Amino acid sequence: MTPQERQLTLVAYLQHHRFGRTLDEILTDIPAYGAGESGRKKFQRDRSLLKELGLPLHCMEQEGLSEDGNLRYVYLLDRREVFARGLRLSPGEQRGLVALCDTLMEWPDFPFREWIDSARQKLLAARSGQPVEEALVRRLPPLPRLGDREELAVLEPVLTALERGTCLRFEYQGLHHDRADTRTVHPWRLLAWRGNWLLRAFCDLRKEPRSFLLRRMQDLELTDRPARPAPPHEEASGVAAWELGLGEGRDATVEFEAAVAGLVERGLASVTPPCRLERRTDGRLHVVLPVEEAGAFFRWLLAWGRQARLLRPPALQEELARWLSRSRGEEAA
């Protein structure tokens, strides 16, 4: 294995183990490093090189995770910090690239038109005074398009309700429901998430905050009833830390041990839909988060092992028990 292949393997390995791995685990699972001091030196050289390439490997301490109860140090790669290296372009080079983008955009069937247009906008922003490094390095997820007439028809009353601060009534069929029902909601904001548009709102029917796909709304009706304001913790937005799926979810309460509380806080501080985080006096962390795809949530929860415990709701606890039973049955078969 060449050094480049070894470094790529290390990146893929840490992307898979998102909660970090110890140096001994890394050396054992990636045989190309070898054992002993030579393997440790190879790892440190690779770590320095990856940092220069914009992929910093963080070394973090976790209490109580080793068998003897001592501190355990793990290396992890924060996915949010993966970025492209900055380019230093002269004004002439910027003008040339913009001209090239304009030429490529004239081809209707060019397969990378969206990315070319994104790069062109960043180049234009750089030419207007913004540092070109910041314009090209910044990673913004592409906004989903409102292409069909159904979504466009829904968007107008949703925006009107948000502007007026009034409630909205519509028929809605959740992703895991057989039929639609009538919802009256208090709109808070629109979210662009995983290629879809969602309305974040308080649902009178469920008595809890919910996320609604615009493309699943029908027969929208504006009301004169004032909408309740969004609480402070609903102002956060970002990308979900695990694959939640789409549709209407249930709120689950999970308790994390103090040893992993910091990791959980960093991973869930700005997810969409938002979570509520509360650190207890003993260091444990209580998290209230929306579960929209139970299987994906269970896999995420079990990845924390004995450091996490599902407290409620009881129905979700029972579903988890059935899910584990099915999984064991499939493994046995």
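On a predicted model such as this, the values are computed, not experimentally measured, just so you know.

**Q** Kindly report on the overall build of the protein chain, identifying the contributing residues and their values.
**A** Along its length, the protein chain carries 10 helices and 11 strands. Considering the protein chain as a whole, with its 333 residues, one finds that 39% of them fall into the buried category. Carbon and sulfur atoms make up 51% of the accessible area of the protein chain, which totals about 19400 Å².

**Q** Can you break down the sheet that holds strand β8 (residues 250-256) residue by residue, with the values?
**A** Judged by pairing direction, the sheet is antiparallel, and its four strands sit side by side in the order β9-β10-β8-β11 without closing on themselves. Each having just a single partner strand, β9 (276-279) and β11 (308-312) make up the two edges of the open sheet. Averaged over all pairs of adjacent strands, the angle between their axes in this sheet comes to 25°, without regard to strand direction.

**Q** Lay out the confidence of the model for the protein chain in plain terms, naming residues and giving numbers.
**A** Mean pLDDT over the protein chain stands at 76; residues scoring 70 or higher make up 72%. Within the protein chain, strand β3 (residues 166-172) carries the highest mean pLDDT (94), whereas helix α6 (residues 132-137) carries the lowest (48). Low pLDDT, under 50, characterises residues 135-143; the stretch is placed with 17 contacts to residues that sit more than four places away or in other chains. Note on residues 236-247: pLDDT is under 50 here. Beyond four places in sequence and across chains, it has 54 contacts.

**Q** Run through the nonpolar core, naming residues and quoting values.
**A** Core analysis: the largest hydrophobic core is formed by 26 residues, its most contacted members being Phe256 and Phe297. Of all elements in the fold, only β8, α8 (258-268), β10 (285-291), α9 (294-302), β11 and α10 (314-332) reach the threshold of two or more residues within this core. Those residues within four positions of Phe256 in sequence are excluded, and the remaining contacts are Val264, Arg284, Leu285, Val287, Trp300, Trp304, Gln307 and Ala308. Membership of the second largest hydrophobic core comes to 18 residues, among which are Leu155, Tyr172, Val185 and Leu214.

**Q** Mind laying out the packing of helix α1 (residues 3-16) against helix α3 (residues 36-52), listing which residues take part and the relevant values?
**A** Packing of α1 against α3 brings their axes to within 10 Å, and their N-to-C directions diverge by 80°. In terms of axis orientation, α1 runs roughly perpendicular to α3. Taken together, the residues of α3 that come into contact with α1 (itself represented by Arg6, Gln7, Leu10 and Val11) are Lys42, Phe43, Asp46, Leu49 and Leu50. Among the residues making up the contact of α1 with α3, the classes are represented as five nonpolar, one polar and three charged.

**Q** With reference to specific residues and values, describe unusual backbone geometry.
**A** Residue Arg312 is joined to Pro313 through a cis peptide bond whose omega torsion reads 10°. Examined against the element boundaries, Pro313 turns out to sit in the loop between β11 and α10. Its identity as a non-glycine residue notwithstanding, Lys207 has a phi of 60°, on the positive side. Its place among the elements puts Lys207 in the loop between β5 (196-203) and β6 (208-213). A positive phi angle, near 55°, is found at Asp219, a position not held by glycine. Judged by its relative accessible area of 61%, Asp219 falls in the exposed class.

**Q** Help me get a handle on the environment of Arg200, residues and values and all.
**A** Along the chain, the position of Arg200 falls in strand β5. Look at Arg200 and you get buried, because its relative accessible area is 3%.

**Q** Lay out the packing of aromatic side chains in plain terms, naming residues and giving numbers.
**A** Per the stated rule, a full pass over the model turns up seven aromatic pairs. When the centroid spacing of 6.1 Å and the interplanar angle of 75° are considered together, the rings of Phe170 and Tyr172 count as edge-to-face. This pair shows no difference in class: Phe170 is buried, exactly as Tyr172 is.

**Q** Give me the side chain of His186: which residues, what numbers.
**A** Tracing the backbone shows His186 in strand β4 (residues 181-193). Classification of His186 as buried rests on a relative accessible area of 4%. Polar contacts involving the side chain of His186 include one to the main-chain amide nitrogen of Arg228, which spans 2.9 Å. Not counting residues within four places of it along the chain, the set of residues in contact with His186 comprises Cys167, Arg200, Ala201, Phe202, Asp204, Arg225, Pro226, Ala227 and Arg228.

**Q** Which residues make up the pattern of salt bridges, and what values do they have?
**A** Applying the stated criterion across every chain, the model contains 14 salt bridges. Here Asp29 and Arg21 are joined by a salt bridge, their closest N and O atoms 3.1 Å apart. Taking the relative accessible area as the measure of exposure, Asp29 reaches 37% and is therefore partly exposed. Between Arg309 and Glu255 there is a salt bridge, with its nearest N and O atoms 2.6 Å apart. With Arg309 in strand β11 and Glu255 in strand β8, this pair connects stretches of sequence that are 54 residues apart. Glu255 sits in the buried class, given a relative accessible area of 6%. Three or more residues joined by partner-sharing salt bridges are found here, namely Glu255, Asp282, Arg284 and Arg309.

Analysis parameters
Residues numbered from 1 in each chain as written. Predicted model: local features only at pLDDT ≥ 70, side-chain atom pairs only at ≥ 80, totals over all residues. Heavy atoms only, no water. Helix = DSSP H or I, 4+ residues; strand = E, 2+ residues; numbered from the N terminus. Buried < 20%, exposed > 50% of the residue type's maximum accessible area, 1.4 Å probe, protein only. Areas by Shrake-Rupley, 256 points an atom, 1.4 Å probe, with all protein chains shown as cover. Pairing = 2+ DSSP bridges. Axes fitted to C-alpha atoms, helices over the stretch in contact; angles between N-to-C directions. pLDDT = per-residue confidence, 0-100. Contact = heavy atoms within 4.5 Å. Core = buried A, V, L, I, M, F, W, Y, C linked by side-chain atoms within 4.5 Å. Parallel < 35°, antiparallel > 145°, perpendicular 65-115°, else oblique. Nonpolar A, V, L, I, M, F, W, Y, C, P; charged D, E, K, R; others polar. Phe/Tyr/Trp six-rings, centres within 6.5 Å; stacked < 30°, edge-to-face > 60°. Polar contact = N/O pair within 3.5 Å; in protein donor to acceptor, adjacent residues only side chain to side chain. Salt bridge = Lys/Arg side-chain N within 4 Å of Asp/Glu carboxyl O.

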